[in-house]
Amino acid sequence: MSHLAFVNGTVITPDRLLEGATVVCRDGVIESVGRVRGLSKSTTIIDSRGAFISPGFIDLHVHGGAGADFMDGTVSAVLAACQAHVRHGTTRLFPTTTTGSPDEILAMLTACQLAQAQPLSPIAGVHLYGPFFAADKVGCHAATGRRDPTPREWQRYWKTGIVSIATCAAELPGAIPFIKAAAKQGCLVTCGHSNASWAEMAQAFAAGMRHVDHFWCAMSSVPSIRQRLGTPMQGSMAEFVLMHDEMSTEVIADGYHLAPELLEFAYRMKGPERLCLVTDANRALDMPSGEYRFGHHATGSIFRSDGRVGWASGGSLASSVVGMDTMVRHTKRSTTASLPEVIRMASLTPAERAGIATQTGSIEPGKAADIVVLSTKLKVKQVFIGGIRVDTKKPR
Ligand SMILES: [Zn+2]
Ligand SMILES: [Zn+2]
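Note that the coordinates shown come from a computational prediction; the quantities given were computed from them, not determined experimentally.

Student: Any chance you could break down the domain arrangement of the protein for me, citing the residues and the numbers?
Tutor: In many analyses, interface size is given as the accessible surface area lost on bringing the parts together. Domain assignment breaks the protein into domain 1 (3–54 + 363–390) and domain 2 (57–354). The distance between the C-alpha centroids of domain 1 and domain 2 comes to 30 Å. Domain 1 puts 16 residues into the contact, and the matching count from domain 2 is 17 residues. Looking at the side of domain 1 that touches domain 2, the elements that each hand over two or more residues are strand 21 (380–385) and strand 22 (388–390). By residue number, the principal contributor to the side of domain 1 that touches domain 2 is strand 21, which donates 3 residues. Residue classes in the side of domain 1 that touches domain 2 are distributed as 10 nonpolar, 2 polar and 4 charged.

Student: Could you give an account of the pairing of strand 1 (residues 3–12), with specific residues and numbers?
Tutor: Sheet analysis places strand 1 next to strand 2 (residues 17–26), joined by 8 bridges and oriented antiparallel. Of the residues in strand 2, the one forming a bridge with His3 is Arg26. What sits between the antiparallel neighbours strand 1 and strand 2 is a turn of 4 residues. Bridge count between strand 1 and strand 4 (residues 44–47): 4 bridges; the pairing is parallel. Within strand 4, the position partnered with Phe6 by the bridge is Ile46. As defined by bridge partners, strand 1 adjoins strand 5 (residues 52–55) across 2 bridges and the pair is classed as parallel. Within strand 5, the position partnered with Val11 by the bridge is Ile53.

Student: Break down the sheet that holds strand 15 (residues 275–278) for me, with residues and values.
Tutor: Taken together, the 6 strands give an open sheet; going across it, the order is 10-11-12-13-14-15, and neighbouring strands pair in parallel fashion. Every other strand in the sheet has two partners, leaving strand 10 (126–128) and strand 15 as the edge strands with one partner each. Adjacent strand axes in the sheet meet at a mean angle of 30° when their direction is disregarded. Relative to strand 15, strand 14 (residues 248–252) runs parallel, the two being bridged by 4 bridges. Each bridged residue has a counterpart across the sheet, and for Glu250 the counterpart in strand 15 is Cys276.

Student: Residues and numbers for helix 5 (residues 198–207), please.
Tutor: Within helix 5 the residues assigned to the buried category are Glu200, Met201 and Ala204. Axial view of helix 5: buried residues confined to an arc of 100°, hence all on one face. Within two residues after helix 5, Gly208 carries a phi angle of roughly 125°, on the positive side.

About the thresholds
Residues numbered from 1 in each chain as written. Chains lettered and ligands numbered in written order. Predicted model: local features only at pLDDT ≥ 70, side-chain atom pairs only at ≥ 80, totals over all residues. Domains from an automatic or database assignment. Contact = placed C-beta atoms within 7 Å. Helix = DSSP H or I, 4+ residues; strand = E, 2+ residues; numbered from the N terminus. Nonpolar A, V, L, I, M, F, W, Y, C, P; charged D, E, K, R; others polar. Pairing = 2+ DSSP bridges. Axes fitted to C-alpha atoms, helices over the stretch in contact; angles between N-to-C directions. Buried ≥ 20, exposed ≤ 12 C-beta atoms within 10 Å, placed from the backbone. Arc of directions from axis to C-beta.

What follows is the structure, encoded as structure tokens:
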């Protein structure tokens, strides 16, 4: 049926740049990558004019954008936030819950299900993130919406069938049954907003936990464990992630959360196959500076965006206000990672960790034509989801 060919660009594959290669797509699926002799007359040609042909970005951890938070729990809010991220080159994302009441979380899950059924939806599943955080690590989330996991609560969430990433602080009562159940559901299980010790991480790992949210942010360290459990000093989440090859993690690479040496450290220690770039963006993405709510529009906590990053009232950071394209440019600029490695951390690696890499995440035959055309300065020029070009103009 419909043929599409990207020509005259440099294709970014997971391990190299292919200059002058052609990407041919048929019916929304990548058919071939490389030299082609002749294209059929019915083929729509996308002349990339020396730009990069990159896989679309995949975001495991994202709260909102364009004034909307996924926790607002309406289809229109979910669509607005999705469209904002697609404009920044993200073609698959996992709307991420904050702390909140069970009803708020269920409303969010339902709205995401409805939005996912719409054409060109980038929703690949939901990241159940809040509410199962440690009380001393809630960060910018509303503390009243935090609680320990109970089967009664999480079984309601599994029933929607849309949860595919699940976070829980490993030290909470009820964490281990939660982790086991989430892993059985096929979720990527992650530990975050946690002050877990090495021993608690080891138990969680045995139960199926394989990832840690936003490395260095709202997580334990050797000093925090010493404060909690005394001496001898014990390993924390950081050491556990660095020492286990099976563990992956993610960084908020906006330049405001982590200094360049920490991005370089994370990249060198974990490698591009175990480190994901995430936006962790909130509703202030593509919005003017000012006060907003993090999470639900009525019950979420207040933060301030200065147009570069979010700030909680106590002076700590309150997640990012930029898209994945900014994370990609910043990581390329401030680390020694090659361009294919940087793009891998924003596409194939998150796809692999979330279990969608057979369908998307790289420019390879048989995968969905989720493609972003990037300028030589890595600015988003065109976005395609399943071979269909998406409007990337910002609405007025
Ligand atoms: Zn967080
Ligand atoms: Zn977050």
